[in-house]
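Spelled out from the first residue to the last, the chains are:
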Amino acid sequence: MKRIVLLGSTGSIGTQTLDIVRANPGEFEIIGLCAHSNTQLFQQQVREFRPKYVVQTGVSENPGLALASLASVGEADIVVNALAGSSGLLPTLAACKAGKVLAQANKESLVMAGQLIMEMAQKTGAQILPIDSEPSAIWQMLRHNEPQSGIEKIILTASGGPFWKWKREELMQVSAEQALKHPTWKMGEKVSIDSATLMNKAFEIIETRWLFDVPPEKIDVTVHRQSTVHALVQFCDGNFSAVLSAPDMKIPIAHALFYPQRKPNNFARVDFLQLQWTFEKPDYSLFEGPRLAYEVLAAGGIMPAVFCLADEMAVSQFLQGQISFLEIYDVIKRALDNVKNTECSLEALEEISKQWTL
Ligand code: NDP
Ligand code: MG
């Protein structure tokens, strides 16, 4: 039995993780649960799974400390980080410091502090198993000790979101409801808006850079509307690998939970007879996120964290009707222009988080 601590249990990834636990009796024990504001669902989950450790950050006096303690409890065999946004940073660092196996959906922590996290994991032997579908695909392609020198390119696929090929005039009128309607995935609010702006892909470029220690110039993006191919690896001898699956997050979640085993399931399968794949060159003229991702990676220091926090604030302002959809990028670019870069340390991250807290 694997003992699981699940952070973000009331969210999209969190509830799907619990579905997998429920469907596999005898395989997992939930020993810790954490949610933020959805008290009703959280209470139901606590009644059902009876975890030893429970944290509700929305009513906690020191949520950062509570999350960090839960992420490092001794008995946990695996910590699933399915928290939204920057709230995932402190528990990611804590789990790595404690040498845990961390099944990581939260990409924002890797964007904000990828280098610190990976250095910490290397020091303690912590293992990070990606849940995000693109890094999960890359992990499956690279884990047979492929030497770095053999990798020519890693190509992330992007669905393009609900507004792919829309014109500026059309985007000016976009409502939150339209932006939340993703064509292929059903996800939490923030990641849905990030997919519509392509900021999600920007974050995955940074996530990939750190998880697999590949230089940014070896990471590329292609728009693949069907979300069936999740990533491709192009090797230096001309061979290509790809990982395909139906667009169902339960597949990468289960993959991380059962690792190193592969457990049979009845999730949707890719139907080869129905396949019509397209791969298109992305156009960053309106959605500049991926281009900015390479810039903040080159700048280093706290710039990736500023990029992430400014997006979090802009998405929240958009969802509350305070700014328009296209103004999300104005907020991000203004932040990048106005912040003075410094070395990325815990103290610097704390300082910058205070300035950009919602
Ligand atoms: P959701 O918004 O659906 O869920 C987020 C979870 O985090 C909820 O349990 C929520 O609690 C909790 N939470 C929200 N704010 C805070 C806070 N300030 N402090 C502590 N906990 C908080 O998000 P998703 O499940 O969609 O995404 C989670 C992570 O996984 C994100 O980083 C996302 O990018 C990544 N991801 C998601 C995918 C998906 O398909 N959903 C795909 C790939 C990656 P409550 O509901 O109780 O308020
Ligand atoms: Mg993804």
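Structure shown above.
Report on the accompanying structure. Predicted model only: the values in this text are computed from it and were never measured. Throughout, a residue's number is its position along its own chain's written sequence, starting from 1. Chains and ligands are labelled by the order in which they are written, letters from A for the one and numbers from 1 for the other. Note on the predicted model: pLDDT of at least 70 is required for a residue's local features to be given, and 80 or more for side-chain atom pairs to be given and counted; whole-chain, interface and lining totals, by contrast, use all residues. Note that the side-chain values use all heavy atoms of the structure and ignore hydrogens as well as water.

Here we look at the packing of aromatic side chains
So, step 1. Centre distance within 6.5 Å is the pairing criterion for rings of Phe, Tyr and Trp, where only the six-membered ring of Trp is used; planes under 30 degrees apart are then read as stacked, over 60 as edge-to-face, and the remainder as tilted. Scanning the entire structure with this criterion turns up nine aromatic pairs.
So, step 2. Aromatic side chains Trp-277 and Phe-279 sit 6.4 Å apart centroid to centroid with 80° between the ring planes, which places their arrangement in the edge-to-face category.
So, step 3. The class of Phe-279 is partly exposed, set by a relative accessible area of 40%.
So, step 4. Aromatic side chains Phe-318 and Phe-325 sit 5.5 Å apart centroid to centroid with 65° between the ring planes, which places their arrangement in the edge-to-face category. Of the two residues, Phe-318 and Phe-325, neither departs from the other in class, the shared state being buried.
So, step 5. Connected via pairs of aromatic rings, a cluster forms that spans Phe-163, Trp-166, Phe-287, Phe-318, Phe-325 and Tyr-329.
So, step 6. The positively charged end of Arg-143 is found above the aromatic ring belonging to Trp-139, 4.6 Å away from the centroid.
So, step 7. Sitting above the plane of the Trp-210 ring, Arg-209 keeps its charged end 4.0 Å from the centroid. Residue burial is assigned from relative accessible area. The probe radius is 1.4 Å, only protein chains are included, and a residue is buried under 20% of its type maximum, exposed over 50%, and partly exposed in between. Cation placement over rings: the criterion is NZ of Lys or CZ of Arg within 6 Å of the ring centroid and within 35° of the ring normal.

Considering the layout of surface pockets
So, step 1. Points on a 1 Å grid, built from protein atoms alone, make a cavity when a 1.4 Å probe fits but cannot get out and make a pocket when they are open with protein on both sides within 12 Å along at least 5 of 7 lines; residues with an atom within 4 Å of a point are the lining residues. Grid points are joined across faces, edges and corners, and a volume is the space filled by probe spheres set on the points. Looking at the second largest pocket, its volume works out to about 710 Å³.
So, step 2. Lining the second largest pocket are 23 residues, and of these Met-118, Ile-128, Trp-139, Leu-211 and Phe-212 lie nearest its centre.
So, step 3. Counting from the N terminus, the helices are the DSSP runs of H or I reaching at least four residues and the strands are the DSSP runs of E reaching at least two. Breaking the lining of the second largest pocket down by element, the ones donating at least two residues are helix H5 (108–124), strand S6 (127–130), helix H6 (133–142) and helix H10 (199–211).
So, step 4. With five residues, the top contributor of residues to the lining of the second largest pocket is H5.
So, step 5. Here the term charged refers only to Asp, Glu, Lys and Arg, the term nonpolar to Ala, Val, Leu, Ile, Met, Phe, Trp, Tyr, Cys and Pro, and the term polar to all other amino acids, Gly among them. Residues of the lining of the second largest pocket, tallied by class, amount to 13 nonpolar, five polar and five charged.

Some details on unusual backbone geometry
So, step 1. In this structure, the amide linkage connecting Tyr-259 to the following residue, Pro-260, adopts the cis form with an omega of 10°.
So, step 2. Structurally, Pro-260 is set in the loop between helix H11 (250–258) and helix H12 (289–299).
So, step 3. Unusually for a residue other than glycine, Lys-165 sits at a positive phi of about 75°.
So, step 4. With respect to the helices and strands, Lys-165 occurs in the loop between strand S7 (151–158) and helix H7 (168–171).
So, step 5. On the basis of relative accessible area, Lys-165 is assigned to the exposed category, the value being 57%.
So, step 6. Backbone geometry places Ser-227, a non-glycine residue, at a positive phi of 50°.
So, step 7. Considering the arrangement of structural elements, one finds Ser-227 in the loop between strand S8 (219–223) and strand S9 (229–235).

Quick word on the sheet that holds strand S10 (residues 240–244)
So, step 1. Spatial ordering of the open sheet is given by S8-S7-S9-S10, a layout of four strands whose pairing is mixed. In this open sheet, the two strands that pair with only one neighbour each are S8 and S10. Shown here is a sheet whose adjacent strand axes are inclined to one another by a mean of 20°, direction ignored.
So, step 2. The rule for pairing is simple: two strands pair if DSSP sees at least two bridges between them. Across five bridges, the pairing between S9 and S10 is antiparallel. In the strand pairing of S10, Val-229 is matched with Leu-244. Angles here are taken between N-to-C directions and fall from 0 to 180 degrees, while the axes themselves are lines fitted to C-alpha atoms, restricted in helices to the stretch in contact.

Details of the coordination of the magnesium ion (ligand 2)
So, step 1. In the first shell of the magnesium ion (ligand 2), the protein supplies Asp-132 (OD), Glu-134 (OE) and Glu-204 (OE), at 2.1 to 2.2 Å from the metal.
So, step 2. Between consecutive donor residues of the magnesium ion (ligand 2), the sequence gaps follow D-x1-E-x69-E. Taken together, the residues Asp-132 in the loop between S6 and H6 and Glu-204 in helix H10 connect sequence positions 72 residues apart.
So, step 3. What makes Asp-132 buried here is its relative accessible area of 8%.
So, step 4. On the basis of relative accessibility, which here comes to 1%, the residue Glu-204 falls in the buried class. For Na, K and Ca the donor cut-off is 3.2 Å, and for all other metals it is 2.8 Å, counting N, O and S atoms only; because water is absent from this set, sites may look incomplete.

Let's talk about the sheet that holds strand S5 (residues 101–104)
So, step 1. Taken together, the six strands give an open sheet; going across it, the order is S3-S2-S1-S4-S5-S6, and neighbouring strands pair in parallel fashion. Two strands lie at the open edges of the sheet, namely strand S3 (53–56) and S6, each paired on one side alone. Across the sheet, the mean angle from the axis of one strand to that of its neighbour is 20°, orientation sign disregarded.
So, step 2. Here strand S2 (residues 28–35) runs beside S3; their pairing, made up of four bridges, is parallel. Looking at the pairing, Cys-34 lines up with Val-55 of S3.

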